[in-house]
Every structure is written in C-alpha cells, then in structure tokens.
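Observations on the model geometry
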Number of protein chains: 2
Amino acid sequence: MADDTRIRMFRVAGPIFADKGFEGTTVREICAAADVNVASVNYHFGGKETLYLQTVELAHQERLQRVPPAAWPSDALPADKLLIFVTTILNRILGEGNIGWETRLLMREMLQPTEACRPLMEEYVRPQWDQLMGILDELLPTVTTHHVRHQIAFSIVGQCLHYRLANEFVSLLIGDDWQTGAYSVERLAQHITQFSLAAMNGLSEMIQEGESPNLQIPISAAT
Amino acid sequence: MADDTRIRMFRVAGPIFADKGFEGTTVREICAAADVNVASVNYHFGGKETLYLQTVELAHQERLQRVPPAAWPSDALPADKLLIFVTTILNRILGEGNIGWETRLLMREMLQPTEACRPLMEEYVRPQWDQLMGILDELLPTVTTHHVRHQIAFSIVGQCLHYRLANEFVSLLIGDDWQTGAYSVERLAQHITQFSLAAMNGLSEMIQEGESPNLQIPISAAT
DNA sequence: CCTCGATTCAAACAAGTGTATGAAACGCCC
DNA sequence: GGGCGTTTCATACACTTGTTTGAATCGAGG
C-alpha cells in the first residue's frame, strides 16, 4: 500500500519536525522512525521541503478540528465572551492537558515563519484577532482610539502567549507548582480574564474622564 | 595580530548566529565574512561550539553594559518603579531604536536554551524577576497569595515580551503604525504600566473583600 | 503463468559540514 | 640577519546531508 507508507511518514514526521524544526531534522531520521527507505520521501513527496509543507498543513487542519474556534451563545455577555476567547487560545496553545505536536509545530512557524507557509499562518491568526477586536468593541467606550484598542488587545494575547513561549522560564522561576494543577488552563484563563477586565475598567474610567491614556503619565493612582 | 582576528570573528559571528542560530550557521560563512581562514575558528576557539558560547557571553555583557538594570531613587513610588521596570525591559527587548544582534541572540537562547548557556540565561532573567516581585510586594495587599502574585507578574512580563516574540504578527496585524513612532518604547511602557496598575487596583479590591480571585468566576462586573 | 505498472530497496552520488594537518608567512628578540 | 614561537593558509579528512539511480519486489489483470 502506498497510502499506508505515506500516512506512516506523516504521523512520524510531525513530532520530529515540531521538536527539531525543518533544518534540524534529517530525512533519514524520519524514514528510520517510519521504517521506510530513505528514497521514499522523494518518491512520495518529491523532496524534504514538500513533506514539511504538507506536514504543517496537516497540523493546521488537525488543530482546527480538535480545538475549534471560540464560540458563544448570541446573548453572552462581553465579559463571558472574553473568558471563552482566552480559554480557547490557552487550550490551543497549551494543549488540553498534554502539548500536542501540532501546536509546537505551528508555534515554531509562528516565531520564524518559513516563507512558504507564512500565508497559512496569517490565515490561522487573523480570525482570532478579529474576534478579539470584536469583543473589545463591546467592552471599551466608543471613543477609544484604534491605537489604544490595539495595545489592549496585545496586552491580552501577550498574557496568553507568554505561557507557551517562555515556558522554559516559567517553570524555572516558579518551580514545581507549574507542573501541578495549580496552573491549569481554567485557572490561567480566569486570571487573565479578570486581570484584563479590571484593567479595562480602570482605563475606561480614565478615557471617559477625558484623561486619554498614553498622553501623560497619571500613574500615581495605585500607591 | 591574533587579537585582531579574534575580535573580527566575534563581531561577525554575533549577527550571523543571531539570525540563523547555532545549527544554521556554518563556520565557513563566519570565516568568509570575517575574511579569515576556516582553520581560524579551531585555532582560536577550539571549535564552533566554544565560539558560539563565547559569542553569547559577549552578547550578554554588551547588553548588560548598554542597557543597565532598572534603577530608581529610594523614595520612588511603587507605581513609578513599575514604569521604570517596564521601560527597562522594553528597552532591552526592543532595543532603543534599532534591534541589536545581542538581543536577537539572547532571545533565541531564551526560547530554546542551548544546554551550555542555560545557566547564563538564568543569571540574566532571575534578577529581573526578583525585582518585579519586589515591586508587586508594595503594590498588592499583603494577603495576596504567592500563586496570584506569580500570575500577575507573568501577566506583566507577558505583555512586554509579546512585542518582541510575536513581532512578525504585530506588524502584520496593525499594519504601518508599527513602524512609525506611534508605538515607541515610551508609549508602550506607559500603556503596559497603566493597564497593569488598573488591573491590580481592581484585583486588590476583590482580594480585600475576600473574593479571592481564581476560585470562582466573578467576571460579569465589566459589562 | 506472464505482464506491466507501482512501489520498495540498497547503494551511490554530489554537495556541504566541522575539524585536522603540515607547510608557509609573520613578528620579534638576540 | 638568523632563529623561533605564533599565526595564517591551502588542502585534505571523515562524516552527514538531500537526492538519484537502477535493480528487485510486489500485485492485480489478461
């Protein structure tokens, strides 16, 4: 069966590419793991690069299927939408429990996009960004400038992404707690949502009082 | 002059390693750029790995010298300390103006630490972490648990790091504005500080009222 | 049973990798 | 200027990389 070997190679190539990246992975390593001949990668995929590309594509679609985009009832409160949104992002990023190879591969592509799958990544990120901006529309005063909205959005996704990107140092800095359930996705999502909602509440007051943020430094409020 | 060639190799190796990483860089490439023989790397450094290690070390120290750790007058208010801290982090991360190769190299090490310079990275990160926790001690109610303090600290550094890590997508999502001065380090620092202070204000009230965060979902406050 | 296309395989290929070698060139002190 | 340790150089080495090749194997149709 030709399909059989192809699938076997996909299954094996995914995690390896995710761990070592495109350049760090050798076709011999993949073939050995899949128990096929080295010539297979060229026969079935036409080269290492095509195999990689199709693997990323596969990861994209599997991820999409396993963790569908955030969704909420039409009558949901904005704050609830935000919690759902953050939870979804965290689930995608941290994996629900264990970290799937799909996420690691996509994250790797996100940090240093291979020229070939940059469009794929845009397609992956853009809808989530639009979704978040929609939520912020409901949470922030209408007078809020685009500039401020963008910065707030980045503050929110920054909090989420940090737990994956700086994972090494998170576990280093706080020790054992990280591995335990003390930092479950639910807990993290609740914290980030609360933190961000409280921040936006404060900022909204300032905005509506005319002290448009970022034009001066009214930071002595919290002492 | 032997020192001359060594320095020339350092100067050239830094940016190349920063761009392509350890594995992606070839000694021939470095030697060609430095206009020295291929044998030089072995003669002067004993191997590619030692050269890399010393390059990272150099980047570490140059960075330390160019952007010294955050410091403030002893009578500074906690909120002012936070602004100074965030500004310093952003300066280190984004470079004051242009992005230096030192930062790119250290960031690369931070995301996937080479086993050899993991201790170096810890030495780089730990003091800043302690500094931030010190500031939070002054800003948060004394009853705040370690767990919550940690999460808040991560929320703050997450906001900062995001602008470097997801740089590709930041400029993608918001378009031209990113390149202009609309997102200067000062502006970003002010936003992140305000955002975080407002968040901590809100959270502090909840904590002192006994609604310890993260144990339930009191998120319908901001609608 | 034979045939023919599709698939697998061992082996080889050319290019590139980090490193080692031994001779040449240099700089300095006597 | 001669001698000598230091530094440079061209070259070669052993190894790995992705890819190619041509023969061997398989599997169904006539």
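Computed from a prediction, not measured in an experiment: that's the story for all the values here.

1. Comments concerning the interface of chain B and chain A
Chain B puts 67 residues into the contact, and the matching count from chain A is 67 residues. Carbon and sulfur atoms make up 67% of the surface buried where chain B meets chain A, a total of about 6,100 Å² over both sides. At the boundary of chain B and chain A, one finds zero salt bridges. Listed by contribution, the elements that provide at least two residues to the side of chain B that touches chain A are α1 (2-24), α5 (78-94), α6 (101-111), α7 (118-139), α8 (146-165), α9 (167-174) and α10 (185-208) of chain B. By residue number, the principal contributor to the side of chain B that touches chain A is α10 of chain B, which donates 16 residues. Class assignment of the residues belonging to the side of chain B that touches chain A gives a composition of 39 nonpolar, 20 polar and eight charged.

2. What about the pattern of salt bridges?
Residues and elements named next belong to chain B. Per the counting criterion, the structure on display carries 12 salt bridges over all chains. With a shortest N-O distance of 3.3 Å, Arg-8 and Asp-4 are connected by a salt bridge. Linking Arg-8 with Asp-4, this pair stays in helix α1, spanning four residues, or about one helical turn. Of the residues examined, Arg-8 reaches a relative accessible area of 30% and is grouped as partly exposed. A relative accessible area of 41% places Asp-4 in the partly exposed class.

3. Quick word on the relation of the copies chain B and chain A
For the pair chain B and chain A, the relating rotation is 180 degrees, the translation along its axis is 0.0 Å, and the fit reaches an RMSD of 0.2 Å. Taken together, the rotation angle and the small translation identify this as a two-fold axis. Relative to the rotation axis, the closest C-alpha in chain B is found at Ala-199 of chain B, a distance of 1.9 Å. Most of the interface of chain B is mirrored in chain A: 100% of its interface residues are interface residues there too.

4. A closer look at helix α6 (residues 101-111) of chain A
Of all 11 residues making up α6 of chain A, eight are buried, and the element is well covered by its neighbours. Along α6 of chain A, the residues that are buried comprise Trp-101, Glu-102, Thr-103, Leu-105, Leu-106, Met-107, Glu-109 and Met-110 of chain A.

5. Observations concerning the packing of α6 of chain B against α8 of chain B
Residues and elements named next belong to chain B. In contact at an axis separation of 12 Å, α6 and α8 are set at 115 degrees when each is read in the N-to-C sense. For the element pair α6 / α8, the angle class is roughly perpendicular. Our pair here, α6 against α8, has a crossing hand that is left-handed. Listed contacts from α8 to Thr-103, Arg-104, Met-107, Met-110 and Leu-111 of α6 are Leu-161, Arg-164 and Leu-165.

6. Things to note about the protein's contact with DNA strand D
Around DNA strand D sit 18 residues in total, of which Thr-26, Arg-28 and Lys-48 of chain A together with Thr-5 and His-44 of chain B are the nearest. A distance of 2.7 Å is found between a base nitrogen of DNA strand D and a side-chain nitrogen or oxygen belonging to Arg-28 of chain A. Tyr-43 of chain B has a polar side-chain atom sitting 3.2 Å from a phosphate oxygen of DNA strand D. Secondary structure elements with two or more residues in the surface near DNA strand D: α2 (27-34) and α3 (39-45) of chain A together with α1 and α3 (39-45) of chain B. Per-element tally for the surface near DNA strand D: the top contributor is α3 of chain B, with three residues. When the residues that make up the surface near DNA strand D are grouped by side-chain class, the tally is eight nonpolar, seven polar and three charged.

Criteria and cut-off values
- Residues numbered from 1 in each chain as written.
- Chains lettered and ligands numbered in written order.
- Predicted model: local features only at pLDDT ≥ 70, side-chain atom pairs only at ≥ 80, totals over all residues.
- Heavy atoms only, no water.
- Contact = heavy atoms within 4.5 Å.
- Buried area = accessible area lost by both parts, 1.4 Å probe.
- Salt bridge = Lys/Arg side-chain N within 4 Å of Asp/Glu carboxyl O.
- Helix = DSSP H or I, 4+ residues; strand = E, 2+ residues; numbered from the N terminus.
- Nonpolar A, V, L, I, M, F, W, Y, C, P; charged D, E, K, R; others polar.
- Buried < 20%, exposed > 50% of the residue type's maximum accessible area, 1.4 Å probe, protein only.
- Least-squares fit on C-alpha atoms with pLDDT ≥ 70 in both.
- Axes fitted to C-alpha atoms, helices over the stretch in contact; angles between N-to-C directions.
- Parallel < 35°, antiparallel > 145°, perpendicular 65-115°, else oblique.
- Left-handed = near helix turned anticlockwise from the far one by under 90°.
- Near = heavy atom within 4 Å.
- Polar contact = N/O pair within 3.5 Å; in protein donor to acceptor, adjacent residues only side chain to side chain.

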